[in-house]
Amino acid sequence: MQDDPIRIVKEQTLSDDYAPLKKITFDQRRRDGNWQQETREVYNNAGGTAVLLYNSSRRTVLLTRQFRIGAHLAGHDGFTIEVPAGMLDDADPDRRARAELCEETGFRARGLRKVIEFFPNPSSLTETVHCFLGEYEERDRKDEGGGKQEEGEDIEVLEMDVDEAFRQVKEGSIRDAKTVILLQFLREELGQSNGSPS
Ligand SMILES: Nc1nc2c(ncn2[C@@H]2O[C@H](COP(=O)(O)OP(=O)(O)O[C@H]3O[C@H](CO)[C@@H](O)[C@H](O)[C@@H]3O)[C@@H](O)[C@H]2O)c(=O)[nH]1
Ligand SMILES: [Mg+2]
């Protein structure tokens, strides 16, 4: 398009195993009207879906703990506390959220609603993550969860006091982006300000 400030000039596939890693050369028209050329490496991973369930009578949330190699290579032990989540694989985000929730935790959701869609890294990833909030009760547990063993998943299910989860975000024990975002949405729904509880 004539007015488009971005023109893709070249796409080079650097690797294409699980998902393509591409080196993209593009022209960008700066706000002053001059054009510049840049190259960026972009991982074309699938979109994702994530869901946080809350039990209002027990004031607990349903979380998982699993090994993440990226966090490990960044200096963390790699065992991250996260909301149940999965890759979309071109499926409907709501259906994938329910399926991942069941695979990873064994629970079914009640009152699932979408709260936000975000780019975890709009520079290096093509990924969008669709985030949902919902509720659960003990009778919604259908099995033990744990993830797909045949795909190498070994997922621990954690039922955590909601205030403890908020505290762990604040002190940095919970630092997975989709989890922090969803806990902030829950906190807002529960009517708690950023400063409380202790
Ligand atoms: N062979 C192979 N398998 C992979 C690779 N990357 C992921 N997998 C497999 O693909 C599956 C991904 O599991 P899901 O539960 O579908 O996805 P997820 O990793 O939990 O994704 C969620 O969290 C990510 C990290 O925050 C998010 O990026 C993503 O959007 C989603 O929310 C796992 O079985 C994992 O073994 C890879 O490079 N090679
Ligand atoms: Mg997952």
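Because the structure is a prediction, the values reported are computed rather than measured.

Rules used in this analysis
Residues numbered from 1 in each chain as written. Chains lettered and ligands numbered in written order. Predicted model: local features only at pLDDT ≥ 70, side-chain atom pairs only at ≥ 80, totals over all residues. Heavy atoms only, no water. Near = heavy atom within 4 Å. Polar contact = N/O pair within 3.5 Å; in protein donor to acceptor, adjacent residues only side chain to side chain. Areas by Shrake-Rupley, 256 points an atom, 1.4 Å probe, with all protein chains shown as cover. 1 Å grid on protein atoms, 1.4 Å probe; cavity = no way out; pocket = protein on both sides within 12 Å on 5 of 7 lines; lining within 4 Å. Sits in = over half its atoms within 2 Å of the grid points. Helix = DSSP H or I, 4+ residues; strand = E, 2+ residues; numbered from the N terminus. Buried < 20%, exposed > 50% of the residue type's maximum accessible area, 1.4 Å probe, protein only. Pairing = 2+ DSSP bridges. Contact = heavy atoms within 4.5 Å. UniProt positions renumbered as here; feature names shortened; annotations may be inferred. Domains from an automatic or database assignment.

> Honestly, the site of ligand 1 in this entry has me stumped. Any pointers?
Near ligand 1 lie 15 residues; those nearest to it are Tyr18, Arg68, Glu127, Glu151 and Lys178. Between an oxygen atom of ligand 1 and a main-chain N or O atom of Ala85, the distance comes to 3.0 Å. For ligand 1, the protein covers 65% of the area, taking 760 Å² as the surface of the free molecule. With respect to the detected pockets, ligand 1 is housed in the largest pocket. Counting residues per element, the ones that place at least two in the shell around ligand 1 are β4 (48-55), β7 (85-87) and α2 (93-105). Broken down by element, the residue count for the shell around ligand 1 peaks at three residues, all from β7.

> Is there a simple way to think about the pairing of β4 in this case?
On a regular strand, each side chain points to the face opposite its neighbour's, so the side chains alternate between the two faces of the sheet. With respect to burial, β4 is a largely interior element, eight of its eight residues being buried. Direction of pairing for β4 relative to strand β9 (residues 129-135): parallel, over a ladder of seven bridges. Bridging across to β9, Leu53 finds its partner in Gly134. Direction of pairing for β4 relative to strand β5 (residues 60-67): antiparallel, over a ladder of three bridges. Counted as the bridge partner of Asn55 is Thr60 from β5. Between β4 and β5, which pair antiparallel in sequence order, lie four residues; one of them, Arg59, sits at a positive phi of approximately 55°.

> Hey, could you run me through the environment of Thr128 in this one?
For Thr128, the location among the structural elements is in the loop between β8 (110-118) and β9. Judged by relative accessible area, which is 17%, Thr128 ranks as buried. For the pair Thr128 and Asn45, spaced 83 residues apart in the sequence, the C-alpha separation amounts to 9.3 Å. Those residues within four positions of Thr128 in sequence are excluded, and the remaining contacts are Gly47, Gly48, Glu117, Phe118, Phe119 and Pro120.

> Please clarify how the environment of Glu135 should be interpreted in this entry.
Checked against the element boundaries, Glu135 lands in strand β9. Exposure remark for Glu135: the relative accessible area of 27% places this residue in the partly exposed category. Separated by 25 residues in the primary sequence, Glu135 and Arg110 place their C-alpha atoms 5.0 Å from one another. What Glu135 contacts, discounting residues up to four positions off in sequence, is Leu53, Tyr54, Arg108, Ala109, Arg110, Gly111 and Arg113.

> So what exactly am I meant to see when it comes to the UniProt feature "domain: Nudix hydrolase" (unreviewed entry) in the chain here?
Here, UniProt's "domain: Nudix hydrolase" (unreviewed entry) annotation points to residues 48-178. In residues 48-178, helix accounts for 23% and strand for 34%; the two terminal C-alpha atoms are 10 Å from one another.

> I tried to follow the domain arrangement of the chain on my own but got confused; where do I start?
Where interface size is quoted, it is often the accessible area lost as the parts come together. Each assigned domain of the chain is listed here: domain 1 (6-43) and domain 2 (48-189). Computed over C-alpha atoms only, the centres of domain 1 and domain 2 are separated by 32 Å.

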